[in-house]
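# Architecture and fold: a report
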Amino acid sequence: MNLNISGTLVKVLEPQKGTSKAGKDWIKQDFVIDTGAEYRPEVCLTLFGEKNVQQINGIANGTKLDVAFSLSSNEYNDKYYTSANAFAISAHTTIDKDEVFADTNEDLPF
């Protein structure tokens, strides 16, 4: 099931690394966004794999994000655990209008 969510980046947690039973290295990183919802607005999502983890690098707290993710559940000892696995992040950039106009005025011939 693929879903989308928007919110403000609250924090990026430390990456977690390990080795699978098959001997392959893995990496995952959790990050939290604030959706602005009235109840329980913060949502923790997980990026899995080196390529996906790199998507969050360099994005500052407070940045508006659109995140595409999938939900999945796994059963272990008759209990179910649900994960929200992000696979695409799009950061919103804001432009200061005064700064844009200041830059364009320097190029005018008069």
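Let me begin by describing the structure that accompanies this report. (Residues numbered from 1 in each chain as written. Predicted model: local features only at pLDDT ≥ 70, side-chain atom pairs only at ≥ 80, totals over all residues. Heavy atoms only, no water.)

### A closer look at the nonpolar core
In plain terms, the rule: Among buried residues, those of type Ala, Val, Leu, Ile, Met, Phe, Trp, Tyr and Cys that are joined through side-chain atoms within 4.5 Å constitute a nonpolar core. Buried, partly exposed and exposed residues are distinguished by accessible area as a fraction of the type maximum, computed with a 1.4 Å probe on protein chains only: under 20%, between the cut-offs, and over 50%, respectively. Numbering goes from the N terminus for both helices and strands, where a helix is a DSSP run of H or I of at least four residues and a strand is a run of E of at least two. We call two residues contacting when some pair of their heavy atoms lies within 4.5 Å.
Judged by nonpolar contacts, the single largest core of 16 residues is most densely connected at Phe31, Leu45, Ile56, Leu65, Val67 and Ile89. Looking at this core, the elements with two or more residues in it are strand 1 (2–12), strand 3 (25–34), strand 4 (42–48), strand 5 (64–76) and strand 6 (79–91). Apart from the residues lying within four places of it in its own chain, the contact partners of Leu45 are Ile5, Gln29, Asp30, Phe31, Ile33, Val67, Phe69, Ala84 and Ala86.

### Observations regarding the pairing of strand 3
Let me state the cut-off plainly: Paired strands, in this sense, are two strands between which DSSP finds at least two bridges.
Bridge count for strand 1 against strand 3 is 4 bridges, and the pairing is antiparallel. Of the residues in strand 3, the one forming a bridge with Val12 is Phe31. As defined by bridge partners, strand 2 (residues 16–19) adjoins strand 3 across 4 bridges and the pair is classed as antiparallel. Bridge assignment links Gly18 to a residue of strand 3, and that residue is Trp26. Where strand 2 hands over to strand 3, the hairpin turn is made up of 5 residues, of which Gly23 adopts a positive phi near 90°.

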